[in-house]
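Spelled out, the chains give:
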Amino acid sequence: MHSSCAGSTSTESRLVDVFSNYFEVTPANTSKLLETVYRLRYQVYCVETGFENPWQFPDRLENDEFDKYSAHSLLRHQRTGSFAGTVRLILPRKDVEKCFPVHEISSLPLFLNHKQFPRAKVAEVSRFAISKEFRKRFGEFISPSAASDYYETYIDERRIIPHITLGLVAGAVKMSAENGIQHWFCVVERSFLRLLSRYSLYLMPYGPAIDYHGKRQPCYVHLDQFLERARKERPDVWELITHNGKNCP
């Protein structure tokens, strides 16, 4: 089997080049950029979807106790300089056994299996959010992740969804490479699983769906397998989310 970080396959579409013309993955590594992350999340989670109570955030900056242990990325629109979305990677802690949000909402034993998921190598991907300004272009207002059971009806889907969604996946992959992360936990909408699968990106569902702001599916990812399958089935997507293999964990 070829490594998932083997040289990229030439494709006609060059999705990575098209993406780079429109968007840039930006690490939120300053206080100003972190404020941008929290403000965007407030807009998405408190104002647009009502997933979180806006009264809890009088400064209009949505954040929680996990942010201090997290890496954050933003997706910047090149032409306007505005930010289309954000994603965070909650990093492992040595001092706490149950250190991820999934541990608070699920008691499934897999998420504490340190043999399969060594503590220092696993992180949780969360707060995957796309701003309404960009989501409205394909008519989706309900899901922070812009996943919908009905996105097939919008003619701009092929142009908009891959660039924004895959850009945030690229951010999570880059942060994982920088922090030595090889496995992900996440809790996502089923529609988001289907959306990613259209681009040969497969999260592995585990256990029953959880009632958490609607039905959410606990998942895990072994990043080497995740990227290897993308490289084989959709080399153009692999190029984008790994920056031509430079950001493989």
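Coordinates for the structure precede this section.
Keep in mind that this is a model prediction, so the values were computed, not measured.

Undergrad: When you look at the packing of aromatic side chains in this model, what are you seeing that I'm missing?
TA: Given two aromatic rings, one states the distance between the centres and the angle between the planes to describe the pair. Summed over the entire model, instances satisfying the criterion amount to 9 aromatic pairs. Look at F100 and F185: their rings are 6.0 Å apart centre to centre, the planes differ by 85°, and that puts the pair in the edge-to-face class. With F100 in the loop between strand 3 (83-90) and helix 3 (101-105) and F185 in strand 5 (residues 183-188), the pair connects residues that are 85 residues apart, well separated along the chain. Relative accessible area serves as the criterion here: at 1%, F100 is assigned to the buried category. Measuring from centroid to centroid gives 5.0 Å for F117 and F185, while their planes differ by 70°, and the two rings are edge-to-face. Here the residue F117 occupies a position in the loop between helix 3 and strand 4 (122-130), and F185 occupies one in strand 5, the gap between them amounting to 68 residues. Between the NZ or CZ atom of R93 and the centre of the ring of Y69, over which it lies, the distance is 3.9 Å.

Undergrad: Looking at this structure, how should I read the pattern of salt bridges?
TA: Any two side chains of opposite charge can pair if their charged atoms end up close together. Applying the stated rule across the entire model yields 17 salt bridges. Residue K174 pairs with E178 through a salt bridge whose shortest N-O separation is 2.5 Å. Highlighted residues: K174 and E178, both in helix 5 (residues 157-178), separated by 4 residues, approximately one helical turn. Since its relative accessible area comes to 27%, K174 is described here as partly exposed. A relative accessible area of 51% means that E178 is categorised as exposed. Connected through salt bridges with shared partners, the residues R41, E52, E62, D64, D67, R88 and R127 form a single ionic network.

Basis of the calculations
- Residues numbered from 1 in each chain as written.
- Predicted model: local features only at pLDDT ≥ 70, side-chain atom pairs only at ≥ 80, totals over all residues.
- Heavy atoms only, no water.
- Phe/Tyr/Trp six-rings, centres within 6.5 Å; stacked < 30°, edge-to-face > 60°.
- Helix = DSSP H or I, 4+ residues; strand = E, 2+ residues; numbered from the N terminus.
- Buried < 20%, exposed > 50% of the residue type's maximum accessible area, 1.4 Å probe, protein only.
- Lys NZ or Arg CZ within 6 Å of the ring centre and 35° of its normal.
- Salt bridge = Lys/Arg side-chain N within 4 Å of Asp/Glu carboxyl O.

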